[in-house]
Amino acid sequence: MDVLIYRPGTAHLYLPLVREALVRRGIDARVTAGETPAEAEAALPSTGIALVWGLPPGLFGRATGLRWVQSIGAGVDALLNDPSLPAGVPITRVTGHFGPLVAEYVMAHLLAIEQDLRRAYRQQAGRVWAGWVPGHLRGRRLGLAGVGEIGRVIAGRAKSFEMVVAGLRRGAAEGRAGPGPEPDLHLDAVYGPEELDHFLADLDYLVITLPLTAETAHLFGRREFERIKPGAWVINVGRGPTIDTEALITAIESGRLGGAVLDVHETEPLPPASPLWSMPNVTITPHISGLSDPAFVADFFGDNARRYLDGLPLKGLVDRARGY
Ligand code: OXD
């Protein structure tokens, strides 16, 4: 079995951990690491299993013996949009890892907004002693667009701060008359996509954890920002293109939205010329809210490789038609 680990700049960190994870499970494999497209091109013709992140599109055409692709991250939109990836090859993504990480990111920013930490840092830098009244999360309405594995952990954390939590998800409205609670998911109300306006109407915070699919691309644009409660904040930890960035900028500049916290962007890296960088109510981070931990990924991959060889269902199997 030939395994290629590809991740620009960091595949070498994964190499010893993956080798060890496979050996521990009695799997005999030749494992190589690639960090540049040239290294991937050299390895792919003999690759049976690829453990990848950030592989330039088009290269899978060289992997004529490819049997399974494990994503190193949570999202698989880049893989699904790569026309060179053969249709029959199963794709899996890492599960069970990102929820607590992304939830801490979201809670940190929610608290920073309510407590106005920007102001605290600014005043301290200027040696200014002037009081203000901090806000509180208790009773604020948080709307989660996407209540998959990551969204559910965020919902649980938000409930422990006594926030009111609503979720937007596929199929939520099937078989019922209106939005209802789902206590198991820590949700006070759940809305289906056809109830989007209702979902948005009284949110203080919109937190987007959605994957990028044909249905979610530019789901949030001018129309939606006109329907959300005035002054609401948007936090995006899903995929940048779920938001129409131009519409977001306009909504913040006009004061319709309170601001935004953006860990993911329509174009990554965010171009230096983007106006978002210098907007006072915008926080930009470089896609770091849920970083993959090489040790966790190696172990997850080892388990899945054992399952693959034993003919058992793979963990994190992606439904290509749904797009996640
Ligand atoms: C992602 C990741 O999917 O960082 O965004 O894993």
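Residues numbered from 1 in each chain as written. Predicted model: local features only at pLDDT ≥ 70, side-chain atom pairs only at ≥ 80, totals over all residues. Heavy atoms only, no water.

Peer 1: For this particular structure, what's the right way to read the overall build of the protein chain?
Peer 2: The helix and strand tally for the protein chain stands at 10 helices and 13 strands. Scaling as 2.2 N^0.38, a compact globule of 324 residues should have a C-alpha radius of gyration of about 20 Å, and the protein chain matches this with 21 Å. For the protein chain, with 324 residues in total, the buried portion stands at 48%. Summarising the internal contacts of the protein chain: among those between residues at least 6 apart in sequence, 62% fall at separations of at least 24. As displayed, the protein chain offers around 15,300 Å² of accessible surface, 56% of which is attributable to carbon and sulfur atoms. (Helix = DSSP H or I, 4+ residues; strand = E, 2+ residues; numbered from the N terminus. Rg over C-alpha atoms; globule rule 2.2 N^0.38 Å. Buried < 20%, exposed > 50% of the residue type's maximum accessible area, 1.4 Å probe, protein only. Contact = heavy atoms within 4.5 Å. Areas by Shrake-Rupley, 256 points an atom, 1.4 Å probe, with all protein chains shown as cover.)

Peer 1: Would you mind showing me how to read the site of the ligand here?
Peer 2: Within the structure, the ligand sits among Trp53, Gly73, Ala74, Gly75, Phe98, Arg239, His287 and Gly290. Contact between the ligand and Ala74: an oxygen atom at 2.8 Å from a main-chain N or O atom of the residue. In this structure, Arg239 approaches the ligand through a side-chain N or O atom, which is 2.7 Å from an oxygen atom. The fraction of the free accessible surface of the ligand (210 Å²) that becomes covered by protein chains is 87%. (Near = heavy atom within 4 Å. Polar contact = N/O pair within 3.5 Å; in protein donor to acceptor, adjacent residues only side chain to side chain.)

Peer 1: Explain the sheet that holds strand β5 (residues 91-92) here, please?
Peer 2: Paired through their backbone hydrogen bonds, the strands of a sheet run either parallel or antiparallel. As summarised here, the arrangement of the five strands in space is β2-β1-β3-β4-β5, forming an open sheet in which the pairing is parallel. In this open sheet, the two strands that pair with only one neighbour each are β2 (30-34) and β5. Note that strand β1 (residues 2-6) and strand β3 (residues 49-52) share four bridges and pair parallel. Among the inter-strand pairings, Tyr6 is bridged to a residue of β3, identified as Val52. Relative to the sheet, helix α1 (residues 11-24) contacts β1, β2 and β3, its axis offset from that of β2 by approximately 165°. Strands in contact with helix α10 (residues 294-310) are β1, β3, β4 (68-71) and β5; relative to β4, the strand with the most contacts, it is inclined by about 155°. (Pairing = 2+ DSSP bridges. Axes fitted to C-alpha atoms, helices over the stretch in contact; angles between N-to-C directions.)

Peer 1: Teacher, can you tell me more about the packing of helix α4 (residues 98-115) against helix α6 (residues 149-160) here?
Peer 2: Each pair of packed helices can be described by the angle between their axes along with the distance between the axes. Contact geometry of α4 with α6 gives a least axis separation of 8 Å together with a crossing angle of 50°. Between α4 and α6, the crossing angle belongs to the class labelled oblique. Of the two possible hands of crossing, α4 and α6 adopt the one that is right-handed. Where α4 abuts α6, its residues Phe98, Gly99, Pro100, Val102, Ala103, Val106 and Met107 lie against Ile150, Val153, Ile154, Arg157 and Ala158. Here the contact of α4 with α6 is built from residues that sort into 10 nonpolar, one polar and one charged. (Parallel < 35°, antiparallel > 145°, perpendicular 65-115°, else oblique. Left-handed = near helix turned anticlockwise from the far one by under 90°. Nonpolar A, V, L, I, M, F, W, Y, C, P; charged D, E, K, R; others polar.)

Peer 1: I would appreciate a short explanation of the packing of aromatic side chains in the present structure.
Peer 2: Applying the stated criterion across every chain yields a total of four aromatic pairs. Aromatic pair Trp68 and Tyr308: ring centres 5.3 Å apart, planes at 20°, arrangement stacked. Of this pair, Trp68 sits in strand β4 while Tyr308 sits in helix α10, and the two are 240 residues apart along the sequence. Judged by relative accessible area, which is 0%, Trp68 ranks as buried. (Phe/Tyr/Trp six-rings, centres within 6.5 Å; stacked < 30°, edge-to-face > 60°.)

Peer 1: Any chance you could explain the confidence of the model for the protein chain here in plain terms?
Peer 2: Predicted coordinates in regions of low pLDDT should not be interpreted in detail. Residues of the protein chain with pLDDT of at least 70 account for 98%, and the chain-wide mean is 96. Within the protein chain, the lowest mean pLDDT, 74, falls on strand β8 (residues 180-182), and the highest, 99, falls on strand β12 (residues 259-262). (pLDDT = per-residue confidence, 0-100.)

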